[in-house]
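# Chain and residue survey
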Amino acid sequence: MKKFLLPVLVAAVSPLMANAQAENPALTFINNTSNTTTTEDRLDVPASVIDVTTQSQLSVQSITIGCWARMTNRAEEGNVIFVYGGLNHNNGNGLIVLKTKSSGEIVLGGFGIRERLGFGADQATGVTLPLNEWHYLAVAIDFENYEVRLCLDNAIAKTLTFDSSKEFGSFDDSPFGFGFGQLCYNGAIDDIHIVKRAITDSDLKNLYEDKANNVSDLKAWYTLDEVRQGSSGHFANMMAPTDNTQDAIYYRVTGQAPGWAGGIIDNTRTESTPNMSTIDATTERKKSGSAAIDDIVVDGEDGPAEYFNLQGVKVSADNLVPGIYILRQGSKTSKVLIRN
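First things first, this report covers the structure right here in the doc.

About the thresholds
Residues numbered from 1 in each chain as written. Predicted model: local features only at pLDDT ≥ 70, side-chain atom pairs only at ≥ 80, totals over all residues. Heavy atoms only, no water. Salt bridge = Lys/Arg side-chain N within 4 Å of Asp/Glu carboxyl O. Buried < 20%, exposed > 50% of the residue type's maximum accessible area, 1.4 Å probe, protein only. Helix = DSSP H or I, 4+ residues; strand = E, 2+ residues; numbered from the N terminus. Core = buried A, V, L, I, M, F, W, Y, C linked by side-chain atoms within 4.5 Å. Contact = heavy atoms within 4.5 Å.

Let us look at the pattern of salt bridges. Counted by the stated rule, this structure contains 15 salt bridges. When the shortest N-O distance is used, the salt bridge between Asp-142 and Arg-149 registers 3.1 Å. Accessibility classification places Asp-142 together with Arg-149 in one group, the buried group. One salt bridge connects Asp-247 with Arg-228, and the closest N-O pair in it is separated by 2.8 Å. Taken together, the residues span a long stretch of sequence, with Asp-247 in the loop between strand S15 (234-235) and strand S16 (248-256) and Arg-228 in the loop between strand S14 (218-222) and S15 at a distance of 19 residues. Through salt bridges with shared partners, one network takes in Arg-42, Asp-44 and Arg-269.

Shown next as structure tokens:
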């Protein structure tokens, strides 16, 4: 039955992918733009998605963090799109911090940049992130070539080179992992990717074109389309959809507000119901829209096909109803649309 069903799905899904993208939900952050704010929202991803349990394992671990972002407003400072490292502060104190100035210029910051990799200060990139436009952003930390690379859409926009003797080492902040939409970030975030190595040019193109299934060592992919059933703000990792310990969790953070340098000291984190908005990915993102349907492998060539709904629950391929599903087959994962 599966060998018959999958080719039918490939034929049916390919011409309909634009419809699926046109109804693509995204996570929306509506945060204060003041450095005296005592309340912020953010989305946290645990370090366990890259099989890390101790800070020392991060010392020379190459990694890539990427997501789609649409910034709608900027504060004087902050505007943190994502952080890699400590999550105890809702600010720019991570190992690597991707943020913008009030002008929209993208900055690579964090004490990993300033101190551990030896740059001495946050690094302005000369690259501008416009307001009210969708763009794919990724940061690759490469401990083989000793580079930090900022990627914008499907191209490398800035490369920083560090000395081969440098490493991240340990740091005094716990919990640690990945945080999205932090200090003063206002706008939407969608389709988060975490790859346990520094990506290549072809990897970046695949992530930009929604062909994440072609990227090896992809450890986390959060579509942010639906909250996991029974939770307030959990989103399934589509690379391990039934493992809720790898869920991204949306938090409301309240605490002290000592200014831009310190951000909000995390006194209280409360799982909250996130703001969701629908985006027209076909026109706003201007991507190819193939969603890797052409790369789906017929049953038997690369392991059995498994289907999951957007809450991470496995469903039978023989009883699919119209909707969007995650198809996992061997090492490949794709999002597909099923219609009558």
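Moving on, we get to the nonpolar core. Counting 51 residues, the largest nonpolar core has Leu-43, Ile-81, Tyr-84, Phe-178 and Phe-180 as the members making the most contacts within it. At five residues, strand S3 (residues 63-73) tops the list of elements feeding residues into this core. If we ignore the near neighbours within four places in the chain, the residues touching Phe-180 are Phe-29, Arg-42, Leu-43, Val-45, Ile-65, Cys-67, Ile-81, Phe-82, Ile-189 and Ile-192. The next biggest cluster of nonpolar side chains, apart from the first, holds 21 residues, and it includes Ala-26, Trp-134, Ala-138 and Ile-279.

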